[in-house]
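# Understanding the architecture of this molecule
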Amino acid sequence: MYNLLNSMYNYSDSSSRTLTEAEARALLELLKAVPSWLIIAILVTFLLLGVICTIAYWKIFEKAGEDGWKILVPFYSSYIIAKIVYGNGWKFLFSIIPIINYIFPIMLMVRMAQAYGKNMGFALLNLFFPEIGLILLGFGKCDYEGPIYSFL
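Residues numbered from 1 in each chain as written. Predicted model: local features only at pLDDT ≥ 70, side-chain atom pairs only at ≥ 80, totals over all residues. Heavy atoms only, no water.

## Some remarks on the overall build of the protein chain
- Helix and strand counts for the protein chain stand at seven helices and zero strands.
- Taken from N to C terminus, the helices and strands of the protein chain fall in the order α-α-α-α-α-α-α.
- Burial analysis of the protein chain (152 residues in total) assigns 29% to the buried set.
- Across the protein chain, the fraction of contacts at a sequence separation of at least 24, relative to all contacts at a separation of at least 6, is 47%.
- If you sum the accessible surface of the protein chain, you get close to 10000 Å²; carbon and sulfur atoms cover 68% of it. (Helix = DSSP H or I, 4+ residues; strand = E, 2+ residues; numbered from the N terminus. Buried < 20%, exposed > 50% of the residue type's maximum accessible area, 1.4 Å probe, protein only. Contact = heavy atoms within 4.5 Å. Areas by Shrake-Rupley, 256 points an atom, 1.4 Å probe, with all protein chains shown as cover.)

## Things to note about the environment of Ile 148
- Residue placement: Ile 148 occurs in the segment after α7 (130-139).
- For Ile 148 and Tyr 86, which are 62 residues apart along the polypeptide, the C-alpha to C-alpha distance reads 5.0 Å.
- In contact with Ile 148, not counting residues within four places along its chain, are Val 85, Tyr 86, Arg 111, Gln 114 and Ala 115.

## What about the packing of aromatic side chains?
- For the coordinates displayed, the defined rule picks out nine aromatic pairs.
- When the ring of Tyr 79 is compared with that of Phe 92, the centres are 6.3 Å apart and the planes differ by 85°; the resulting orientation is edge-to-face. Of this pair, Tyr 79 sits in helix α4 (residues 76-86) while Phe 92 sits in the loop between α4 and α5 (100-115), placing them 13 residues apart in sequence.
- Judged by centre distance (6.1 Å) and plane angle (50°), the ring pair of Phe 94 and Phe 104 falls under tilted. Taken together, the residues span a long stretch of sequence, with Phe 94 in the loop between α4 and α5 and Phe 104 in helix α5 at a distance of ten residues. In this structure, Phe 94 and Phe 104 share a single accessibility class: buried.
- Each member of the aromatic cluster is reached from another via a ring pair, and the members are Trp 69, Tyr 76, Tyr 79, Trp 90 and Phe 92.
- When the ring centre of Phe 122 is taken as reference, the NZ or CZ atom of Lys 118 above it lies at 5.2 Å. (Phe/Tyr/Trp six-rings, centres within 6.5 Å; stacked < 30°, edge-to-face > 60°. Lys NZ or Arg CZ within 6 Å of the ring centre and 35° of its normal.)

Dropping the structure here:
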């Protein structure tokens, strides 16, 4: 195990630092100290959050008149989200263009809030806490008002 940990830090440049045997042992002891129930609890929490967000997206799709199962298909779900928000599904391709791929998700979350009749405060919630925003959009009483026609 020491060789494995040591090889992770063994680069060809002269400024690299390798773990000493004592540091490697200390790292292994630290990893052993993490209780397995904590790791399992974190994994189950993230799994449940993923299932809840998938169901919320399913409801969001149904409110917009799309079939809910479309959220389960990779890339096609991105196309449908862009279609719901912008009216043109092909705008999801902006997410693969460098520099724009940093701006596009922000605008997508803001426009999604607007497409469901929410204000800028909800758009900020949707931006900084997307899971909460999705759950509120999916299970809330908001109605789909239509796409927002804009460039981004």
